[in-house]
Amino acid sequence: MKALILVGGFGTRLRPLTLSFPKPLVDFANKPMILHQIEALEAIGVSEVVLAINYQPEVMLNFLKDLEAKLGIKITCSQETEPLGTAGPLALARDKLIDDSGEPFFVLNSDVISEYPLKEMIAFHKHHGREASIMVTKVDEPSKYGVVVMEESTGEVEKFVEKPKLFVGNKINAGIYLLNPSVLDRIELRPTSIEKEVFPKIAAEKRLYAMVLPGFWMDVGQPRDYITGLRLYLDSLKKKSPSKLAAGSHIVGNVIVDETVKIGEGCLIGPDVAIGSGCVVESGVRLSRYTVMRGVRIKKHACISSSIIGWHSTVGQWARLENMTILGEDVHVCDEIYSNGGVVLPHKEIKSNIWKPEIVM
Amino acid sequence: MGSTDERVVAVIMVGGPTKGTRFRPLSLNIPKPLFPLAGQPMVHHPISACKKIPNLAQIFLIGFYDEREFALYVSSISNELRVPVRYLREDKPHGSAGGLYNFRDLIMEDSPSHIFLLNCDVCCSFPLPEMLESHRRYGGMGTILVIKVSAESANQFGELVADPATNELLHYTEKPETFVSDRINCGVYIFTPDIFTAIQGVSTQRKDRANLRRLSSFDALDSTTRNLPTDFVRLDQDILSPLAGKKQFYTYETMDFWEQIKTPGMSLKCSALYLAQFRFTSPNLLASGDGTKSAAISGDVYIHPSAKVHPTAKIGPNVSISANARIGAGARLISCIILDDVEIKENAVVIHAIVGWKSSIGRWSRVQASGDYNAKLGITILGEAVSVEDEVVVVNSIVLPNKTLNVSVQEEIIL
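Residues numbered from 1 in each chain as written. Chains lettered and ligands numbered in written order. Predicted model: local features only at pLDDT ≥ 70, side-chain atom pairs only at ≥ 80, totals over all residues. Heavy atoms only, no water.

1. As for the UniProt feature "domain: Mannose-1-phosphate guanyltransferase C-terminal" (unreviewed entry) in chain B
Per the UniProt annotation, the sites labelled "domain: Mannose-1-phosphate guanyltransferase C-terminal" (unreviewed entry) are residues 297-414 of chain B. Structurally, residues 297-414 of chain B is divided into 0% helix and 42% strand, and its ends, taken at the C-alpha atoms, are 32 Å apart. (UniProt positions renumbered as here; feature names shortened; annotations may be inferred. Helix = DSSP H or I, 4+ residues; strand = E, 2+ residues; numbered from the N terminus.)

2. Focus on the packing of aromatic side chains
Enumeration over the complete set of coordinates arrives at 17 aromatic pairs over all chains. For the ring pair Y177 of chain A and F199 of chain A, a centre distance of 4.9 Å and an interplane angle of 85 degrees mean the geometry is edge-to-face. Of this pair, Y177 of chain A sits in strand β11 (residues 171-179) while F199 of chain A sits in helix α6 (residues 194-204), placing them 22 residues apart in sequence. F199 of chain A matches Y177 of chain A in its accessibility class, with the two residues each being buried. Relative to W258 of chain B, the ring of F157 of chain B has its centre 5.3 Å away and its plane inclined at 75 degrees; by these criteria the two rings are edge-to-face. Here W258 of chain B lies in strand β13 (residues 258-260) and F157 of chain B lies in the loop between β8 (142-148) and β9 (158-162), a separation of 101 residues in the sequence. Considered together, F157 of chain B and W258 of chain B belong to a single accessibility category, that of buried residues. Connected via pairs of aromatic rings, a cluster forms that spans F28, F216, Y226 and Y233 of chain A. (Phe/Tyr/Trp six-rings, centres within 6.5 Å; stacked < 30°, edge-to-face > 60°. Buried < 20%, exposed > 50% of the residue type's maximum accessible area, 1.4 Å probe, protein only.)

3. Description of the sheet that holds strand β22 (residues 303-305) of chain A
All names here are of chain A. Sheet architecture is open: five strands sit in the order β16-β19-β22-β25-β28, paired in parallel fashion. Among the strands making up the open sheet, the edge pair consists of β16 (268-269) and β28 (338-340). Sheet topology places strand β25 (residues 320-322) next to β28; three bridges connect them, and they run parallel. The residue bridging E322 from the neighbouring strand is N340, located in β28. (Pairing = 2+ DSSP bridges.)

4. Description of the UniProt feature "domain: Mannose-1-phosphate guanyltransferase C-terminal" (unreviewed entry) in chain A
When the UniProt feature table is mapped onto this chain numbering, "domain: Mannose-1-phosphate guanyltransferase C-terminal" (unreviewed entry) sits at residues 251-360 of chain A. Between the C-alpha atoms that bound residues 251-360 of chain A there is a distance of 32 Å. The span itself is 0% helix and 45% strand.

5. As for the interface of chain B and chain A
As a measure of interface size, the accessible area lost when the parts come together is often cited. Every contact between the two is made by 12 residues of chain B and, on the other side, 13 residues of chain A. With both sides pooled, the region where chain B packs onto chain A buries about 1200 Å², and carbon together with sulfur makes up 61% of that total. Of all residues in chain B, the largest losses of buried area upon contact with chain A belong to R24, N402 and L415 of chain B, amounting jointly to 49% of the total for that side. The interface formed by chain B and chain A contains one salt bridge. For E358 of chain A, the salt bridge identified is with K376 of chain B, shortest N-O distance 3.9 Å. Between the two partners, chain B and chain A, sit five residue pairs in polar contact (both at pLDDT 80 or more). Split into classes, the residues belonging to the side of chain B that touches chain A amount to six nonpolar, three polar and three charged. (Contact = heavy atoms within 4.5 Å. Buried area = accessible area lost by both parts, 1.4 Å probe. Salt bridge = Lys/Arg side-chain N within 4 Å of Asp/Glu carboxyl O. Polar contact = N/O pair within 3.5 Å; in protein donor to acceptor, adjacent residues only side chain to side chain. Nonpolar A, V, L, I, M, F, W, Y, C, P; charged D, E, K, R; others polar.)

6. Some details on the pairing of strand β4 (residues 48-53) of chain A
Residue and element names in this part refer to chain A. Burial analysis of β4 places six of its six residues in the buried class, which makes it a mostly covered element. As judged from the five bridges shared by strand β1 (residues 2-6) and β4, these two strands associate in the parallel manner. Residue L4 lies in a different strand from β4, and its bridge partner there is V50. The pairing of β4 with strand β5 (residues 74-79) spans six bridges and is parallel. Bridged to L51 within β5 is C77. A crossover connection joins β4 to the parallel β5 through helix α2 (residues 57-71); in handedness this β-α-β unit is right-handed. (Right-handed = clockwise from strand over helix to strand, strands pointing away.)

7. Topic: the state of the cysteines
Structurally, a disulfide amounts to a covalent bond that connects the sulfur atoms of two cysteines. A full pass over the atoms with the stated rule returns zero disulfides over all chains. For C124 of chain B, which is in no disulfide, the shortest distance to another cysteine sulfur is to C186 of chain B and amounts to 6.2 Å. (Disulfide = S-S within 2.5 Å.)

8. Some details on the UniProt feature "domain: Nucleotidyl transferase" (unreviewed entry) in chain A
UniProt records the feature "domain: Nucleotidyl transferase" (unreviewed entry) for residues 2-233 of chain A in the present numbering. With 29% helix and 28% strand, residues 2-233 of chain A has end C-alpha atoms that lie 25 Å from one another.

9. Focus: the sheet that holds strand β26 (residues 387-388) of chain B
Read from one edge of the open sheet, six strands run β16-β19-β21-β23-β26-β29 (chain B), paired in parallel fashion. One side of each edge strand has no neighbouring strand; the edge strands of this open sheet are β16 (308-309) and β29 (404-405) of chain B.

10. Some points on the nonpolar core
F35, I47, I59, L61, F116 and L128 of chain B are the most contacted members of the largest nonpolar core, which totals 98 residues. Sequence-distant contacts of I47 of chain B, that is, excluding residues within four places in its chain, are made with I12, I59, L61, Y73, I77, L81 and V85 of chain B. By size, the runner-up hydrophobic cluster in this structure holds 40 residues, among which are I38, M121, M135 and L213 of chain A. (Core = buried A, V, L, I, M, F, W, Y, C linked by side-chain atoms within 4.5 Å.)

Following this line, the structure appears as structure tokens:
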């Protein structure tokens, strides 16, 4: 079975992190984002994954070579020379996705983190036996998104409504699709939107079905959602494989810590914290609701909450970072500094306090 | 007069990537020395000035950037100017004088009698042949280009005191807290080869002190240099300051313009200064037009030959338009730098801004700033491939590459 992951874009909303790495390679819960999706696909027996990319292909390709060897799944790239929207990349990768088996193929959006119930989706698709299945998820504010109006009992999709002003439903497109190869015949090789052009046509023929996604869903394309997504992911991990979470008297709530991390005495870590490989957390440190990428050093007595710290940065003694402080790669916060929502670009030293949210270039 | 086989070399310090974060966001896409001012890369201006030095044998660019970033430029400028230009990469910081010393064998390859040292991010008229003549008359180890500035701003720089009769450097101090002098160091120097002996002397002295420290824990030793490696030698604090008043260094004062190009805002100001200089040195480089067959030009304007400007547009003063840019009908550009492949659509207005490569400015949109070169958001900067949609207003803002603006913004940095 095959799959396509839509990687696309420059990831500008995840800057400054994406100034150092392309978005799919930014770590989420200690793993590059795209690895979450590739592992979920490999687990249900997908043999080949095609990445539709248009930005920094060399960086991606290097990463993938290492990965292919480790995972035993074939990974290829389909590179857009011009942005092709959300459907065009499928046409571009057509030859890679179709084989003689006639099996359906998955399409995933790389910004999405969820539980990936892909086996259940295959069963759902076989059961209705039509052309395409999509996952939908229930949200509180549907008018921010594209709403999928569907028949609740069968899942048959009636129509798509983009950012509706009146309530038409509370299920939105979760960005996970299972499509029969015949869908590719509907897509031309040009910038095309799958929600606006392709799916509505299939829905009109009553051949599109939607499955409500069990478990959590998050579009982690921007820092605030990234931190919320971490909380949801760790919650889910606690239910499924609690052994992966850290434990100890210094741990509160759900915390994931890479095995190479050193943590000092008298720390209090959690809830909802992820600490990447090679990090050093000195004694007396308080961390909550926060992610730190690989190779970071947090010095003694520092206190950090609701923040993201980029690769190889350091946080000084008694420093306090909170309220969506985002540090890019190689940022060094001096001792005793306070940052309230500072967003700092890579290779900077922070010597003075940041009193209110601001961008430091 | 020097003898005809007295060769001269020039060394231009170009800095490196992680050092100058003040030039962001433009430095996210291009090394600062290659950013264009008045239509030419920043480093091109000191290089062209070097070309005027009689008996110039070689030009060296020294910096921390990867060789690849300069390979193309260096080979094309060597061909164009018919003088060998080489880029040398420093593997680690050696200080402003240590860097020169680090490459002394290459610099002294042709046994030059004089060595010019220039900083790439200095914007001035580079009166190098005049400096050489004066230096020969003074007969010292080095001559420093100086300029008079306002007393209030002098303490941002190195302040010098010179003997009014002999021009000898009597005193030098870097960024002093109290007023010393209103003459400051422009970052352009000429030396004789014995400068290398002086630099080596500083290294040796520091090494001896370090050895002494190991033998006895004597805390009275100079704490400011305690942590510097022995081969890290700063020109200002370690050479000029101690040797001032010893008949070794002299000063040459310029009455022309001088600025440091540290921020994107300053690059716009310096582009205007160089455009004004073209009016005297190479007026054929400037554009002209009256709005009939070609666009109306006001003041100093540079337009690359491959750029297309609609005849109903009005351009200037102080505008520089790079290769393949397209300026649509009825557009108005004032005090801006338009980089390669930019498209400015009909009736758009751009004032006090830098528009990045491949960006697109929509119809009736307005990209503007207060024009305060020193304020953080005083010049609007659009990074590479930014798209400003029709009728959108962008004021006093900085936009990072690859963004699309479909709503108006003021006083914002958009990542």
